[in-house]
Amino acid sequence: MLTLLKLLKDGNFHSGQTLGRDLGVSRSAVWKQLQQLEAELGLEIHKVRGRGYRLASPLSLLDKDAIEGAGLDSKWTTFIFDSIDSTNAQAMRAIEGGTSLPVLVLAERQLAGRGRRGRKWISPFAENIYYSLVLRVDGGMRQLEGLSLVVGLAVMHTLREVGVAGAGLKWPNDILVGQRKIAGVLLELVGDPADVCHVVVGIGINVNMQAAPEVDQPWTSVRLETRQLVDRNDLVVRLSRQLAHYFSIHLAGGFSALQVEWEHNHLWQGRAATLLAGTNKVEGVILGVDAQGALRLKVGNDVQVFSGGELSLRLRDDS
Ligand code: ATP
Ligand code: BTN
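Sequence positions are assigned chain by chain, starting from 1 and proceeding in written order. All chains are assigned letters beginning with A, and all ligands numbers beginning with 1, in the order in which they are written. Predicted model: local features are reported for residues with pLDDT of at least 70 only, side-chain atom pairs are reported and counted for 80 or more only, and whole-chain, interface and lining totals are derived from all residues. Excluding hydrogens and water, the side-chain figures rest on all heavy atoms present in the structure.

Draft legend 1. Focus on the overall build of the protein. Starting at the N terminus, helices and strands are each numbered in turn, a helix being any DSSP run of H or I of at least four residues and a strand any DSSP run of E of at least two. Tallying secondary structure elements over the protein gives 9 helices and 14 strands in all. In this description the radius of gyration comes from C-alpha coordinates, and the expected globular size is given by 2.2 Å times residues to the power 0.38. Relative to the 2.2 N^0.38 estimate, which gives 20 Å for 319 residues, the radius of gyration of the protein is 21 Å and therefore close to what a compact globule would have. Counting across all 319 residues of the protein, residues that qualify as buried make up 49%. Once local pairs closer than 6 in sequence are excluded, the contacts in the protein between residues at least 24 apart make up 63%. A total accessible area of about 15,100 Å² is found for the protein, and carbon and sulfur atoms account for 48% of it. Buried residues are those whose accessible area, probed at 1.4 Å on protein chains only, stays under 20% of the maximum for their type, while exposed residues exceed 50% and partly exposed ones sit between those limits. Whether two residues are in contact is decided by their heavy atoms, any of which lying within 4.5 Å being enough. Under the convention used here, a 1.4 Å probe and the Shrake-Rupley method define accessible areas, while residue burial counts only the protein chains that appear.

Below, the structure written as structure tokens:
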């Protein structure tokens, strides 16, 4: 089925006869596979008598050679899955299985993509980037301080490189264009930071997605912003380069080396907001982040500092 998809990915018409010949199967077998592509992968295929078949929109499929051949650190082991529950879950299995590190797990789609606090990350086939990088943490807690904010900076610069000029950050883990979410970061820890520990850096970027009724908050994608089909392999390579760059600054100087740059790109700096922690709410004005990446909020006449994975910020209507 995926061989057929590779023949169709250009978005041009292909006759049933040519497809059958290239695949070595009958025209009715081609028809059956097309039905499967529609049903299983949610792809829209136009069927026009006399012209053949074409995808409603061309696809950019992941290609291991294109990614590995781009001169990235050759020590990274890359795995690409057509379909997986979650690239983060797969990365955690790779740690347990003792795969040599660093490991990069990518997938064309996720069946159980995860966001923070057990939320779902919508992950349709061949549209977006689902990226999980495993790193070994030998530097203790310091190496983890502000790490998800550092990843956000790398994602934001990757997006700007490909023309999303308005990409900016929202504490702690979102990359937005205006009020619309274009990417999210989910870090998951395996082991004990005081001993041997690994961190899975999970990144979801909306790349070529143009419709997603299941996403229940404002969102956008690179394609919606730039009006161009994006080469996902090129984006993976750019992202990997930006991550390597920002990790090296973080490793040498800690988050404090990036605090000013992060605040400079924080879209909600100085805005009135509500911080949600479970059922608790704190109202304040966003001052920025401290040297560990914790949120600094002016609450009345006090400055309070908040950190932890369970916190969410919402803009106040009057901000
Ligand atoms: P906060 O971090 O402030 O809680 P959030 O509302 O974005 O921000 P997250 O847990 O970070 O919450 O992200 C998960 C949410 O992202 C989901 O509940 C869903 O609304 C949304 N979402 C899921 N898939 C996508 C996607 N592909 N693009 C944009 N948003 C998505
Ligand atoms: C969020 O904003 O809540 C974080 C979303 C993170 C999604 C990515 S997609 C790749 C990796 N695998 C997952 O299951 N989640 C992360």
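From this point on, the discussion continues.
Draft legend 2. Expanded view of the nonpolar core. One finds Tyr131 and Ile205 to be the most contacted residues of the largest nonpolar core, which totals 60 residues. Sorting elements by how many residues they give to this core places helix H6 (residues 147-161) first, with 9 residues. For the domains described, the bounds stem from an automatic or database domain assignment. Mapped onto the domain boundaries, this core takes at least three residues apiece from domain 2 (64-263) and domain 3 (268-315). We define the nonpolar core as a collection of buried residues of types Ala, Val, Leu, Ile, Met, Phe, Trp, Tyr and Cys that are connected through side-chain atoms lying within 4.5 Å of one another.

Draft legend 3. Quick look at the packing of aromatic side chains. Centres within 6.5 Å make a pair out of two Phe, Tyr or Trp rings, where for Trp the six-membered ring is used; the pair is then stacked when the planes are under 30 degrees apart, edge-to-face when over 60, and tilted otherwise. One pass over the full model with this rule turns up 1 aromatic pair. Both rings, one in Trp31 and one in Tyr53, keep their centres 6.3 Å apart while their planes meet at 50°; by these two values the pair is tilted. Note that Trp31 is positioned in helix H3 (residues 27-41) and Tyr53 in strand S2 (residues 52-55), a separation of 22 residues in sequence. A relative accessible area of 14% places Tyr53 in the buried class.

Draft legend 4. Just the site of ligand 2, in detail. Here a residue counts as near a molecule or strand whenever at least one of its heavy atoms sits within 4 Å of it. Around ligand 2 sit 21 residues in total, of which Ser86, Gln110, Arg114, Arg116 and Lys181 are the nearest. Contact between ligand 2 and Ser86: an oxygen atom at 2.8 Å from a side-chain N or O atom of the residue. Two N or O atoms count as a polar contact when they lie within 3.5 Å, although within protein this holds only if one can serve as hydrogen donor and the other as acceptor, and sequence-adjacent residues are included solely when both atoms are side-chain atoms. Here Arg116 contributes a backbone N or O atom positioned 3.0 Å from an oxygen atom of ligand 2. Only helix H5 (87-96), strand S5 (129-137), strand S8 (180-191) and strand S9 (197-205) provide two or more residues apiece to the shell around ligand 2.

Draft legend 5. The arrangement of the site of ligand 1 in detail. Ligand 1 sits among 19 residues. The nearest are Arg116, Arg119, Lys181, Asp216 and Ser312. Between ligand 1 and Arg116 there is a distance of 2.6 Å, counted from an oxygen atom to a side-chain nitrogen or oxygen. Taking Arg117, its side chain carries an N or O atom lying 2.7 Å from an oxygen atom of ligand 1. When the free accessible area of ligand 1 is taken as 620 Å², the share hidden by the protein chains comes to 94%. If you tally residues by element for the shell around ligand 1, the top one is strand S14 (residues 311-315), at 3 residues. In the shell around ligand 1, the residues fall into 6 nonpolar, 4 polar and 9 charged. Both domains that meet at the shell around ligand 1, namely domain 2 (64-263) and domain 3 (268-315), each give it at least three residues. Only Asp, Glu, Lys and Arg are considered charged, only Ala, Val, Leu, Ile, Met, Phe, Trp, Tyr, Cys and Pro nonpolar, and every remaining residue, Gly among them, polar.

Draft legend 6. Quick look at helix H8 (residues 232-253). Along its 22 residues, H8 runs 31 Å from first to last C-alpha, staying within 8% of the 32 Å computed at 1.5 Å per residue. Those residues of H8 not exposed but buried are Arg232, Asn233, Leu235, Val236, Val237, Leu239, Ser240, Gln242, Leu243, Tyr246, Phe247 and His250. Where the residues of H8 are buried, they touch helix H4 (64-68), strand S4 (103-107), S5, H6, S9 and helix H9 (259-264). If you check the start of H8, you find a side-chain oxygen 2.9 Å away from the backbone N of Asn233, and it comes from Asp231. Positive phi shows up at Gly254, right after H8, with a value of about 70°. Expected span of a helix: the number of residues minus one, times 1.5 Å.

Draft legend 7. Up close: unusual backbone geometry. Put simply, Leu101 and Pro102 share a cis peptide bond, and its omega is -5°. In this fold, Pro102 is placed in the loop between H5 and S4. The omega torsion across Trp171 and Pro172 is -5°, close enough to zero to call that bond cis. Mapped onto the elements of the fold, Pro172 is located in the loop between strand S6 (167-170) and strand S7 (174-177). A positive phi angle is found at Arg117, which is not glycine, with a value near 50°. By the secondary structure assignment, Arg117 is in the loop between S4 and S5. By relative accessible area, Arg117 is classed as partly exposed at 33%. The residue Arg227 is not glycine, and still its phi comes out positive at about 60°. If you trace the backbone, Arg227 turns up in the loop between helix H7 (222-226) and H8.

Draft legend 8. Spotlight on empty space enclosed by the protein. Buried and open spaces are told apart on a 1 Å grid over the protein atoms alone, a cavity being a set of points where a 1.4 Å probe fits but cannot get out and a pocket being an open set with protein on both sides within 12 Å along at least five of seven lines. Residues with an atom within 4 Å of a point are the lining residues. Grid points are joined across faces, edges and corners, and a volume is the space filled by probe spheres set on the points. In total, this model carries 1 cavity of 30 Å³ or more according to the counting rule given. Taken as a whole, the largest cavity holds about 30 Å³ of empty space. Residue lining of the largest cavity: Ser148, Leu149, Gly152, Leu169, Lys170, Pro172, Asn173, Asp174, Ile175 and Trp262, and that is the complete set. Looking at the lining of the largest cavity, the elements that each hand over two or more residues are H6, S6 and S7. For the lining of the largest cavity, the leading source of residues is H6, giving 3 residues.

So, to be careful, I would describe these as geometric facts and stop short of saying anything about function.
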